[in-house]
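# Results of the structural survey
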Amino acid sequence: MREVGAVGQAPSLSLPTPFKTVILASTMGQFPLTLSRFITQKQAAQPGATGELASLLTQIGLVGKLIAQDLRRAGLINILGTTGEINVQGETVKKLDEIANETFLKVFHHSGLVCALASEEMEKPVLLPENWQQAKYMLLFDPLDGSSNTDCNMPLGAIFSVLKSERKDRMPTEDDLVRKGTEQVAAGYLLYGSSTMLVYTVGHGVHGFTLEPGIGEYLLSHEQIRMPARGRVYGTNEGNSHKWTTGTKKYMEYLKTPDRATGRPYSGRYSGCLVADVHRILLEGGIYLYPGELDRPEGKLRLLYEANPLAWVVEQAGGKASTGTMRILDVEAKQLHQRVPLIIGSANDVRDAEEFIQGRRM
Ligand code: AHG
Ligand code: MN
Ligand code: MN
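Residues numbered from 1 in each chain as written. Chains lettered and ligands numbered in written order. Predicted model: local features only at pLDDT ≥ 70, side-chain atom pairs only at ≥ 80, totals over all residues. Heavy atoms only, no water.

## Quick look at the overall build of the chain
The secondary structure content of the chain amounts to 10 helices and 15 strands. For 362 residues, the compact-globule estimate of 2.2 N^0.38 gives 21 Å, and the C-alpha radius of gyration of the chain, at 22 Å, lies within 12% of that figure. Burial status across the chain gives 50% buried among its 362 residues. Across the chain, contacts joining residues at least 24 apart in sequence account for 63% of those joining residues at least 6 apart. Surface summary for the chain: the accessible area is close to 16400 Å², and the carbon and sulfur share equals 51%. Considering the chain, the positive charge centre built from 39 side chains and the negative charge centre built from 40 side chains are found 5 Å apart. (Helix = DSSP H or I, 4+ residues; strand = E, 2+ residues; numbered from the N terminus. Rg over C-alpha atoms; globule rule 2.2 N^0.38 Å. Buried < 20%, exposed > 50% of the residue type's maximum accessible area, 1.4 Å probe, protein only. Contact = heavy atoms within 4.5 Å. Areas by Shrake-Rupley, 256 points an atom, 1.4 Å probe, with all protein chains shown as cover. Lys, Arg positive; Asp, Glu negative; His and termini not counted. Charge placed at Lys NZ, Arg CZ, Asp CG, Glu CD.)

## Thoughts on the side chain of Asn-131
The residue Asn-131 is located in the loop between strand 4 (126-127) and strand 5 (137-145) in this model. Residue contacts for Asn-131: discarding those within four places in its chain leaves His-109, Gly-112, Leu-113, Val-114 and Cys-115.

## So, the coordination of the manganese ion (ligand 3)
In an ideal octahedron of six donors the angles at the metal are 90 or 180 degrees, and in an ideal tetrahedron of four donors they are 109.5 degrees. Protein-derived coordination of the manganese ion (ligand 3) comes from Glu-120 (OE), Asp-142 (OD) and Leu-144 (O), at a distance range of 2.1 to 2.2 Å. Along the chain, the residues donating to the manganese ion (ligand 3) are arranged with the sequence spacing E-x21-D-x1-L. Taken as a pair, the manganese ion (ligand 3) and the manganese ion (ligand 2) lie 3.8 Å from each other and share Asp-142 as a ligand. Each member of the pair, Asp-142 together with Leu-144, is buried. (Donors = N, O, S within 2.8 Å, 3.2 Å for Na, K, Ca; no water.)

## A closer look at the sheet that holds strand 15 (residues 342-345)
Here 5 strands make up an open sheet; going across it, the order is 12-11-13-15-14 and the pairing mixed. Among the strands making up the open sheet, the edge pair consists of strand 12 (267-268) and strand 14 (320-322). Across the sheet, helix 9 (residues 303-316) lies against strand 14 and strand 15, angled at about 25° from strand 15, the strand it touches most. (Pairing = 2+ DSSP bridges. Axes fitted to C-alpha atoms, helices over the stretch in contact; angles between N-to-C directions.)

## Quick notes on the coordination of the manganese ion (ligand 2)
With distances of 1.9 to 2.1 Å, the protein atoms coordinating the manganese ion (ligand 2) are Asp-142 (OD), Asp-145 (OD) and Glu-306 (OE). We note that the donor set of the manganese ion (ligand 2) lies within a single chain, spaced as D-x2-D-x160-E. Exposure remark for Asp-142: the relative accessible area of 0% places this residue in the buried category. Taking the relative accessible area as the measure of exposure, Glu-306 reaches 1% and is therefore buried.

## A word on the site of ligand 1
Around ligand 1 sit 18 residues in total, of which Asp-145, Asn-237, Tyr-270, Tyr-288 and Tyr-290 are the nearest. Separating an oxygen atom of ligand 1 from a side-chain N or O atom of Tyr-290 is a distance of 2.6 Å. When residues in the shell around ligand 1 are grouped by element, the largest group, 3 residues, is from strand 5. Tallied by class, the residues present in the shell around ligand 1 amount to 7 nonpolar, 4 polar and 7 charged. Built from parts of two domains, the shell around ligand 1 gets at least three residues from each of domain 1 (31-222) and domain 2 (233-357). (Near = heavy atom within 4 Å. Polar contact = N/O pair within 3.5 Å; in protein donor to acceptor, adjacent residues only side chain to side chain. Nonpolar A, V, L, I, M, F, W, Y, C, P; charged D, E, K, R; others polar. Domains from an automatic or database assignment.)

Such coordinate-based values are descriptive only and should not be taken to indicate function.
Dropping the structure here:
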């Protein structure tokens, strides 16, 4: 290892120890990589990349910083509770749902990077006529995921899916946003937990960044995430079990039946925030289920801005995402706010769940 004096411009400079450590680390190639530097380096390796996707992901990072700042003081500045409105999903709108949605819109409206934006909180997409000729991308997002957690200081998230805008002869329409998960060009999530994280994929693995609040930068903390093929944890809303199909009930019973050889019983972990539950599973393995129900076979979660982006992230880390009968990314998209059953997690766990749900195992 070389001393500071040997690599610096001023060999006689005597630095205090903490500075020495940082400088030595940087010369050893261990200096933490910022999100923008990491993405730029990755893009440089892609022939034809213009850097716009890198800018888009950096803007997602900015949204995360702005929302995280609101969330940190939410209990102090009267932004908890509901707005009194019901959204297009028929769900109560929290003040923070609206703030998070506005933040996405403000950051992306003037970015010049996207020509259409669609969100859980808006019945119709926002189309940006001023951008459509030069902007290559369209963004779909769940601005605040897990919003039942807002008022009790529990984890929250945001989910995003990026599509390419292929048509240069006209403005995009709502139909242009309604596309299969396999057509995504970038996807990921922001997690507002004990730290703020940004996790994304552009189809070459999954990378996670943690916001270093002292310097306001996301630093690479989880490079090339690979999830275990099997976990020990399940996440589902068991209060809905009376509405589950026989196959789902049998699978859940199976997970709770002790069997040393297969690592059962699994432990239950359900936060009420899909992003947080999927993040745990991404790092430690296991399975999350919001299955189709007897009176709601389409499930609860939304295909375009919840299931598809998380499905791609999980697949890119070696996991699986299914409706119970088919791969999420192959589901035909028909409507902007379409719902879909979601069973997502470690590949072997999702495979087991599919076998029970399809009645191939009892
Ligand atoms: P959102 O807050 O964006 O509407 O999403 C809530 C989702 C998801 O985050 C969570 O796993 C699930 O819905 C919770 O639903 P239940 O309260 O029905 O369990
Ligand atoms: Mn959500
Ligand atoms: Mn939401």
